[in-house]
Amino acid sequence: MNATPHQVHNLIILDESGSMNSIQSIIMSGFNELVQTIQGISREFPNQEHFISFFTFNGLGTKILHFADKADKLHAINNETYKPDASTPLFDAMGLALTKMEDHLKGKTDYNVLVTILTDGEENASREYSGNDIKNLVERLKENKWTFTYMGTDHDVEKIASSLAINNTLAFAKTSEGISTMFAEDRMARRNFSKILSKDSNPSFVEYFSKKK
């Protein structure tokens, strides 16, 4: 076992726009279960050190609820920390989250980053970043052990993800069952990732996650 654990950064970018209001409670429950899963993975694989960075976004701004926090330090989200409202500045939220994480990891090499974007609608309010800006950023980061997953509903998930250079996608039904299934598949993929990571320093998240559709 390495003296210094391999870092796994779980970067989650969650839509908090008004259209998410109808599924607020289900999203909160799913995220809180995901936190428990990551905490369990961290205990199961002591040669890996798991962190969570959690951003939520809407037209009122992007909130940073966690940034590079160790898994055992995380707390559940609730009606006070997750309150859907306003529009969907997806590109601005991604730009902020990705560049902040990239800056945090400068000078480090022993890590993987798992980026998950979860939204129920298309971009409609960004001012700082364009779709092309985000595509270029994603393409560059993918070359350095960053893995991107786009999970969405109520829009053409494959088309939007592809336009951002993201190949790993999961479209889900905007129902309790659909969202529960989506979170279950994501939790399974993360556990599989850590299993593979314990044997391979540069695993492909896409290869096995896509098989779970």
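Scope of this entry: the structure provided in the associated data block. (Residues numbered from 1 in each chain as written. Predicted model: local features only at pLDDT ≥ 70, side-chain atom pairs only at ≥ 80, totals over all residues. Heavy atoms only, no water.)

Here's the deal with the overall build of the protein
Broken down by element type, the protein carries six helices and six strands. Shown N-terminal to C-terminal, the secondary structure of the protein runs as helices and strands in the order β-α-β-β-α-β-α-β-α-β-α-α. Taking 17 Å as the expected radius of gyration for a compact globule of 213 residues, we find that the protein reaches 16 Å, a close match to that expectation. By principal-axis analysis of the C-alpha atoms, the protein measures approximately 45 × 35 × 30 Å. Taken over 213 residues, the protein has a buried fraction of 51%. Partitioning the intrachain contacts of the protein with sequence separation of at least 6 by distance along the chain shows that 76% fall at a separation of at least 24. (Helix = DSSP H or I, 4+ residues; strand = E, 2+ residues; numbered from the N terminus. Rg over C-alpha atoms; globule rule 2.2 N^0.38 Å. Buried < 20%, exposed > 50% of the residue type's maximum accessible area, 1.4 Å probe, protein only. Contact = heavy atoms within 4.5 Å.)

A look at the pattern of salt bridges
All chains considered together, the criterion is met by eight salt bridges. Arginine 187 is paired through a salt bridge with glutamate 33; the nearest N and O atoms lie 3.3 Å apart. Of this pair, arginine 187 sits in helix H5 (residues 176-197) while glutamate 33 is found in helix H1 (residues 24-44), placing the two residues 154 residues apart along the sequence. Across the pair glutamate 49 and lysine 70 runs a salt bridge whose closest N-O atoms are separated by 3.3 Å. Of this pair, glutamate 49 sits in strand E2 (residues 48-58) while lysine 70 sits in strand E3 (residues 61-70); the two residues are 21 residues apart in sequence, bridging distant segments of the chain. Residue classification places glutamate 49 among the partly exposed residues on the basis of a relative accessible area of 21%. (Salt bridge = Lys/Arg side-chain N within 4 Å of Asp/Glu carboxyl O.)

Considerations on the nonpolar core
In this structure, Leu11, Met94, Leu98 and Trp146 are the most contacted members of the largest nonpolar core, which totals 29 residues. Within the residue set of this core, elements represented by two or more residues are strand E1 (6-15), E2, helix H2 (90-104), strand E4 (111-119), helix H3 (131-142), strand E5 (146-152) and helix H4 (157-163). The element best represented in this core is H2, accounting for seven residues. Once you skip the residues sitting within four places of it in the chain, methionine 94 turns out to touch Ile13, Ile117, Ile134, Val138, Leu164 and Ile166. (Core = buried A, V, L, I, M, F, W, Y, C linked by side-chain atoms within 4.5 Å.)

Some words on the packing of H1 against H5
Where H1 contacts H5, the axes come no closer than 10 Å and their chain directions differ by 15 degrees. Comparing the axis directions of H1 and H5 gives the class roughly parallel. Once H1 is placed against H5, the crossing between them reads as right-handed. Across the interface between the two elements, Ile26, Ile27, Gly30, Phe31, Glu33, Leu34, Thr37, Ile38, Ile41 and Glu44 of H1 pack against Ser176, Ile179, Phe183, Asp186, Arg187, Arg190, Arg191, Ser194 and Lys195 of H5. Split by residue class, the contact of H1 with H5 holds eight nonpolar, four polar and seven charged. (Axes fitted to C-alpha atoms, helices over the stretch in contact; angles between N-to-C directions. Parallel < 35°, antiparallel > 145°, perpendicular 65-115°, else oblique. Left-handed = near helix turned anticlockwise from the far one by under 90°. Nonpolar A, V, L, I, M, F, W, Y, C, P; charged D, E, K, R; others polar.)

As for the environment of aspartate 103
Residue placement: aspartate 103 occurs in helix H2. As a C-alpha pair, aspartate 103 and glycine 131 span 28 residues in sequence and 21 Å in three-dimensional space.

The values are spatial; any link to function lies outside them.
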